[in-house]
Amino acid sequence: MILETAALNAARRTRDLTALADGAGVDVVVIGGGITGAGIALDAATRGLRVVLAEKHDLAFGTSRWSSKLVHGGLRYLATGNVGIARRSAIERGILMTRNAPHLVRAMPQLVPLLGAMRRRDRALVRAGFLAGDALRRLAGTPATVLPRSQRISPEATVGLAPTVRRDGLDGGLLAYDGQLIDDARLVTAVARTAAQHGATILNYVAASRATGDSVRLTDQLTGESVDVAARAVINATGVWAADIDPALRLRPSRGTHLVFDAAAFGNPTAALTVPIPGELNRFVFAMPEQLGRVYLGLTDEEAPGPIPDVPQPSSAEVSFLLDTVNTALGTALGAGDVIGCYAGLRPLIDAGAGHTADVSRNHAVVESGTGVLSVIGGKLTEYRHMAQDVLDRAVRLRALSAAPCRTRDLPLVGAPDNPGAQAPLSVELPESLVLRYGAEAANVLAAATCRRPADPVADGIDVIRAEFEYAVSHEGALTVEDIVDRRTRIGLVAADRERVVAVAQEFVAAAD
């Protein structure tokens, strides 16, 4: 059954590990279960290659769950003269929104309020930038029905979209549109499950070591058992941890921090309030309406030298910076007491020497180590599919792999309406939140449920239902409470909400044992 071929769970993981121990043939081993690694596994599987993805933690454990949940069209890079990455970003955004994942990526209104303190020159620059963004959209072939054109709007319309914006001196707003993910970790899960649907072996909690160009040791983090796997190509897609696999690599991580608010603190906005950073050109702070009735405020770009932590932490200076910046556009100032959660992620930037990390190129590179491991470093979430195609093309050429051409440009992910696993709707009306997270697969979440009260919320006031927790375990590879609460859903971003659902998550983990 097509649906079951995309199901990731403990039983499938055990079967796949047993097959590897028995000597199952492998063409490509991908190390790293973030968006880049999942994208590579999908590209390889759809080319007809036998591929294994190994992630030592959980899918989307690292940088891929700490983004702004935006699929950028590349406007910022156009402003700095990097036409190539701007054009690629706009193209990849259009592919995600119209073909790969229209259920996960939607148009986000991006509102710059025209306040009295904003100089005429700065207003003109923002307007010119938005017009350039319109041109990029057209160049990428993304229709205006998917991403509407930019426009200037009235003060009344501005307040309607962002109710807590400062009213004194408000002269309307500039409105543009970009792509917004319902959730970055859900995109990783969808890509990984689509790879599994096409025959890939997806293994979370399996660490890779002793990697060479044609072999790698895989160790089950749950049992401690190891197996040496021979492969035609080994690809390192571990992001900021890439140097753990190839010590010759030089990365320069930068930290991006976000604060989490109850959406009511911003008047339940329907647009991302976009505030220019004083003294900076083409850099903004965004207050973005998100799922679960929240607003995420970001983004910083701070140097992050030293050892790479598994879970980065925001600094107090970054929290103050974000609050100070957004308060320049608000009628009533927000303080630290309004923050209900926060998170930080590390960008895997290529070390290009001195200069502010905000100015370091977001281009990626494919590097072959002395042992033959191919590493993909740098890059950005929006371009994951392009990066995967680039490194797979290189692997096919260098290792003389027998593979079909790349197919991912027009490939619908699990949950997209055109994916073969899409289900006919149930006779009952589905919750809007469920459809937003699962797309055309939403009906199957309820249809596959065997738990008691599957349509009940996991806690009062949280629009995640019990069937979603069960589905995380039965179909999405979740093995622990943390997998369910922190990655398959994002309830765990708010500690108080997390405490209310941990026991429910434990119920479903225990039932799977």
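Residues numbered from 1 in each chain as written. Predicted model: local features only at pLDDT ≥ 70, side-chain atom pairs only at ≥ 80, totals over all residues. Heavy atoms only, no water.

### Describing the pattern of salt bridges
Quick note on the threshold: In the sections that follow, a salt bridge refers to a side-chain nitrogen of Lys or Arg positioned within 4 Å of a carboxyl oxygen of Asp or Glu. We count a stretch as a helix when DSSP gives it H or I for four or more residues in a row; a strand needs E for two or more, and each element gets its number in order from the N terminus. Only protein chains enter the calculation, and the probe is 1.4 Å; a residue is then buried if its accessible area is under 20% of its type maximum, exposed if over 50%, and partly exposed in between.
Overall, the coordinates contain 34 salt bridges when judged by the stated rule. Across the salt bridge formed by Arg123 and Asp171, the nearest N and O atoms sit 3.0 Å from each other. Of the two residues, Arg123 sits in helix 6 (residues 120-140) while Asp171 sits in the loop between helix 7 (155-161) and strand 6 (173-181), which places them 48 residues apart along the sequence. The class of Asp171 is partly exposed, set by a relative accessible area of 36%. Ionic pairing is found between Arg452 and Glu507, a salt bridge with its closest N-O pair at 3.9 Å. Separated by 55 residues along the polypeptide, Arg452 in the loop between helix 13 (442-447) and strand 20 (457-459) and Glu507 in helix 16 (residues 495-512) bring together distant segments of the chain. Each of Asp58, Asp483, Arg487 and Arg488 takes part in one network of salt bridges that share partners.

### So, the packing of helix 15 (residues 481-488) against helix 16
The test is simple: Every angle, taken between N-to-C directions, lies between 0 and 180 degrees, and every axis is a line fitted to C-alpha atoms, over only the stretch in contact when it is a helix. Every angle not falling under 35 degrees, over 145, or within 65 to 115 is termed oblique; those three ranges are roughly parallel, roughly antiparallel and roughly perpendicular. Helix crossings are classified by the rotation of the near helix relative to the far one: an anticlockwise turn of less than a right angle makes the crossing left-handed, while a clockwise turn makes it right-handed. In this description, contact between two residues means that some pair of their heavy atoms is separated by no more than 4.5 Å.
At a minimum axis distance of 8 Å, the contact between helix 15 and helix 16 shows a crossing angle of 130°. The orientation of helix 15 relative to helix 16 falls into the category oblique. Both helix 15 and helix 16 take part in a crossing whose hand is right-handed. Across the interface between the two elements, Val481, Glu482, Ile484, Val485 and Asp486 from helix 15 touch Arg498, Val501, Val502, Ala505, Gln506 and Val509 from helix 16.

### Topic: the pairing of strand 9 (residues 215-220)
On any regular strand, side chains alternate: one points to one face of the sheet, the next to the other face. Formally: Two strands form a pair only when DSSP identifies at least two bridges running between them.
As judged from the four bridges shared by strand 8 (residues 206-209) and strand 9, these two strands associate in the antiparallel manner. Counted as the bridge partner of Ser209 is Arg217 from strand 9. Sheet topology note: the strand 9/strand 10 (residues 226-230) ladder contains five bridges and is antiparallel. Opposite Leu218, over in strand 10, you have Val227 as the bridge partner.

### Considering the packing of helix 3 (residues 35-46) against helix 11 (residues 384-399)
Between two packed helices, what matters for the description is the angle formed by their axes and the separation of those axes. At a closest axis distance of 8 Å, the pairing of helix 3 and helix 11 adopts a crossing angle of 55°. When the axis of helix 3 is compared with that of helix 11, the two are oblique. Where helix 3 crosses over helix 11, the handedness of that crossing is right-handed. Across the interface between the two elements, Ile35, Thr36, Gly39, Ile40, Asp43 and Ala44 from helix 3 touch Tyr384, Met387, Ala388, Gln389, Val391 and Leu392 from helix 11.

### Points about the packing of aromatic side chains
We count it as follows: Geometry of aromatic contacts follows a simple scheme: Phe, Tyr and Trp rings, the Trp one being its six-membered ring, pair when their centres are within 6.5 Å, and the pair is stacked under 30 degrees between planes, edge-to-face over 60, tilted otherwise.
Counted under the stated rule, the structure contains six aromatic pairs. When the centroid spacing of 6.5 Å and the interplanar angle of 45° are considered together, the rings of Phe284 and Phe286 count as tilted. Ring geometry for Tyr438 against Tyr471: centres 5.9 Å apart, planes inclined by 85°, an arrangement best described as edge-to-face. On the criterion of sequence distance, the pair formed by Tyr438 in helix 12 (residues 432-438) and Tyr471 in helix 14 (residues 466-474) is long-range, its members being 33 residues apart. The two residues Tyr438 and Tyr471 agree in class, both being buried. Connected via pairs of aromatic rings, a cluster forms that spans Trp66, Tyr296 and Tyr343.

### A look at helix 8 (residues 184-197)
Rule in force here: Multiplying 1.5 Å by the residue count of a helix minus one yields the expected span of that helix. Any pair of nitrogen or oxygen atoms within 3.5 Å is treated as a polar contact; in protein, a donor-acceptor pairing is required on top of that, and neighbouring residues in sequence qualify only through side-chain atoms on both sides.
Relative to the 20 Å expected for 14 residues at 1.5 Å per residue, helix 8 spans 20 Å between its end C-alpha atoms, a close match to the ideal helical length. By the criterion of burial, helix 8 is predominantly enclosed, with 14 of the 14 residues buried. Two or three places before Ala185, at the start of helix 8, stands the capping residue Asp183, its side-chain oxygen 3.4 Å from that residue's backbone nitrogen.

### Details of the nonpolar core
We apply this condition: Take the buried Ala, Val, Leu, Ile, Met, Phe, Trp, Tyr and Cys residues and link them wherever side-chain atoms come within 4.5 Å; each set so joined is a nonpolar core.
In terms of nonpolar packing, the biggest core is built from 51 residues, with Ile40, Leu187 and Ile202 touching the most fellow members. Elements supplying a minimum of two residues to this core: strand 1 (28-31), helix 3, strand 2 (51-55), helix 5 (83-100), helix 8, strand 11 (233-236), strand 19 (374-378) and helix 11. It is helix 8 that contributes the most residues to this core, eight residues altogether. For Ile202, the residues in contact, after removing those within four places along its chain, are Leu8, Ala41, Leu53, Leu59, Ala192, Ala195 and Ala196. Counting 31 residues, the second largest nonpolar core, distinct from the first, contains Leu434, Val445, Val464 and Val509.

### Focus: the domain arrangement of the chain
Where interface size is given, it is often the accessible area lost as the parts come together that is meant. Let me state the cut-off plainly: Marked domain ranges trace back to an automatic or database domain assignment. Accessible-area loss on putting two parts together, using a 1.4 Å probe and summing over both, is the definition of buried area adopted here. As a working rule, the residues Ala, Val, Leu, Ile, Met, Phe, Trp, Tyr, Cys and Pro are called nonpolar, Asp, Glu, Lys and Arg charged, and the rest polar, with Gly in that last group.
With domains assigned, the chain is organised as domain 1 (10-64 + 185-249 + 360-410), domain 2 (79-152 + 174-181), domain 3 (251-350) and domain 4 (432-511). Counting from both sides, the interface comprises 16 residues of domain 1 and, opposite them, 14 residues of domain 2. A combined buried area of about 1300 Å² lies between domain 1 and domain 2, and 55% of that area is made up of carbon and sulfur atoms. Our count for the domain 1 to domain 2 interface comes out at three salt bridges. Residues Glu383 and Arg88 are paired through a salt bridge, measuring 2.9 Å at the closest nitrogen-oxygen approach. Counting across the interface, domain 1 meets domain 2 through seven residue pairs in polar contact (both at pLDDT 80 or more). Looking at the side of domain 1 that touches domain 2, the elements with two or more residues in it are helix 8 and helix 11. Classifying every residue of the side of domain 1 that touches domain 2 by side-chain character gives four nonpolar, five polar and seven charged.

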